[in-house]
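Summary of the model geometry
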Amino acid sequence: MIEPLPPRGPILPHDAKPLGEFVDRIWRGETDWCTQHGPAIVQWTLGRPSYVWRALGDSNVRIDAGMRMNGTFRYATPQGVLIHGVLDLRPEDVLFERCATPVALPRDHLVPLFDVFAADESLKSDLQRKAVAVALCGLLTNQEVMHDGRQFSFGERSGAGFVAALRNNGEDYLDYAWNPEKISQQDYEAARAHLERLGCRLMNDHGAV
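Residues numbered from 1 in each chain as written. Predicted model: local features only at pLDDT ≥ 70, side-chain atom pairs only at ≥ 80, totals over all residues. Heavy atoms only, no water.

**Quick notes on the sheet that holds strand β11 (residues 144-147)**
Overall, antiparallel pairing links the three strands, which are arranged β12-β11-β13 in an open sheet. Single-partner strands in this sheet number two, and they are β12 (150-153) and β13 (200-202). Put simply, the sheet's adjacent strands are angled 30° from each other on average, direction ignored. In terms of strand pairing, β11 meets β13 through three bridges, oriented antiparallel. What sits directly across from Met146, in β13, is Arg201. (Pairing = 2+ DSSP bridges. Helix = DSSP H or I, 4+ residues; strand = E, 2+ residues; numbered from the N terminus. Axes fitted to C-alpha atoms, helices over the stretch in contact; angles between N-to-C directions.)

This is the structure:
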């Protein structure tokens, strides 16, 4: 999940000229700057909005939101619900306009295994705990999984995207890939038990996990 960030680069007026541009597909100039839109501040990275502070959301609530891989912006409610939207940048403010929650999809070659996992209510229930989801991602990352006579190859991104798709709550692979969270052995064992119960065999030795 994108955490609140400090602004990077100078804070300019809303109508300021960009501090850089692509020339022959190579970026020239400053990579980061911000623009002020009344009470809201927009972070620009390589010429595109990447983060916003104090955007005006539903019920006149001010929110901070970060851009995701699909181009939408996202923030989490105090209850942990992920809200996606698009930005309407105006001179006097920035409006956060809600949009449909994007659906994460597994890589095509993993769909047969994904369908088995997604049909298992016990696994889906356990994956509501983020720690178990992170543990499952750790087990699948850079792994070869045998199931029903077929072998499925996972990398860093595909394993993370697979777990995000199973959770189906607006997350994407960046919520799991290269995750620094420390996960307990108990959570790893819970994830491993689901894999074994579903008839999966891990071909690579990941040591302690």
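**Focus on unusual backbone geometry**
If you check the backbone angles, Arg54 has positive phi at about 60° while not being a glycine. Phi at Trp178 takes a positive value of approximately 55°, unusual for a residue other than glycine. Along the chain, Trp178 falls in the loop between α4 (156-167) and α5 (185-197).

**Here we look at the pairing of strand β2 (residues 20-23)**
Moving residue by residue along a regular strand, the side chains alternate between the two faces of the sheet. Pairing of β2 with strand β3 (residues 26-29), which is carried by four bridges, proceeds in the antiparallel orientation. Each bridged residue has a counterpart across the sheet, and for Phe22 the counterpart in β3 is Trp27. Between β2 and β3, which pair antiparallel one after the other, the connecting turn spans two residues, and Asp24 there sits at a positive phi close to 55°.

**Remarks on the layout of surface pockets**
Estimates place the volume of the largest pocket at around 250 Å³. If you go around the largest pocket, you meet 18 residues; those closest to its centre are Ala104, Leu105, Glu171, Asp172 and Tyr173. Looking at which element gives the most residues to the lining of the largest pocket, the answer is α4, with four residues. A class-by-class count of the residues in the lining of the largest pocket yields eight nonpolar, five polar and five charged. (1 Å grid on protein atoms, 1.4 Å probe; cavity = no way out; pocket = protein on both sides within 12 Å on 5 of 7 lines; lining within 4 Å. Points joined across faces, edges and corners; volume = space filled by probe spheres on them. Nonpolar A, V, L, I, M, F, W, Y, C, P; charged D, E, K, R; others polar.)

**Description of helix α3 (residues 130-140)**
With eight of eleven residues buried, α3 is to be regarded as a mostly interior element. Taken together, the buried positions of α3 are Val132, Ala133, Val134, Ala135, Leu136, Cys137, Leu139 and Leu140. Lining the buried residues of α3 we find α2 (121-126), β11, α4, α5 and β13. Two residues or fewer after α3 comes Asn142, characterised by a positive phi angle close to 55°. (Buried < 20%, exposed > 50% of the residue type's maximum accessible area, 1.4 Å probe, protein only. Contact = heavy atoms within 4.5 Å.)

**Some thoughts on the environment of Lys130**
Summarising the element assignment, Lys130 is placed in helix α3. Residues Lys130 and Asp187, spaced 57 residues apart in sequence, show a C-alpha to C-alpha distance of 9.8 Å. Once residues lying within four places of it in the same chain are set aside, the contact partners of Lys130 are Arg167, Glu171, Asp175, Tyr176 and Glu181.

**A look at the nonpolar core**
Residues Leu113, Phe117, Leu136, Leu140, Phe154, Phe162 and Tyr176 are the most contacted members of the largest nonpolar core, which totals 32 residues. For this core, the secondary-structure elements that each account for two or more residues are α1 (111-118), α3, α4 and α5. It is α3 that contributes the most residues to this core, eight residues altogether. Discounting chain neighbours no more than four positions away, the residues touching Phe162 are Pro106, Leu110, Leu113, Phe114, Phe117, Leu140 and Phe154. With 16 residues, the next largest nonpolar core counts Leu12, Trp27, Trp33 and Val52 among its residues. (Core = buried A, V, L, I, M, F, W, Y, C linked by side-chain atoms within 4.5 Å.)

**Description of the pattern of salt bridges**
Throughout the structure, instances matching the rule amount to twelve salt bridges. For the salt bridge of Arg8 with Asp32, the shortest nitrogen-to-oxygen distance reads 3.1 Å. Here Arg8 is found in the segment before β1 (11-13), whereas its partner Asp32 is found in strand β4 (residues 32-37), with 24 residues between them in sequence. Glu171 is paired through a salt bridge with Lys130; the nearest N and O atoms lie 3.9 Å apart. Taken together, the residues Glu171 in the loop between α4 and α5 and Lys130 in helix α3 connect sequence positions 41 residues apart. Relative accessible area serves as the criterion here: at 6%, Glu171 is assigned to the buried category. Residue classification places Lys130 among the partly exposed residues on the basis of a relative accessible area of 22%. (Salt bridge = Lys/Arg side-chain N within 4 Å of Asp/Glu carboxyl O.)

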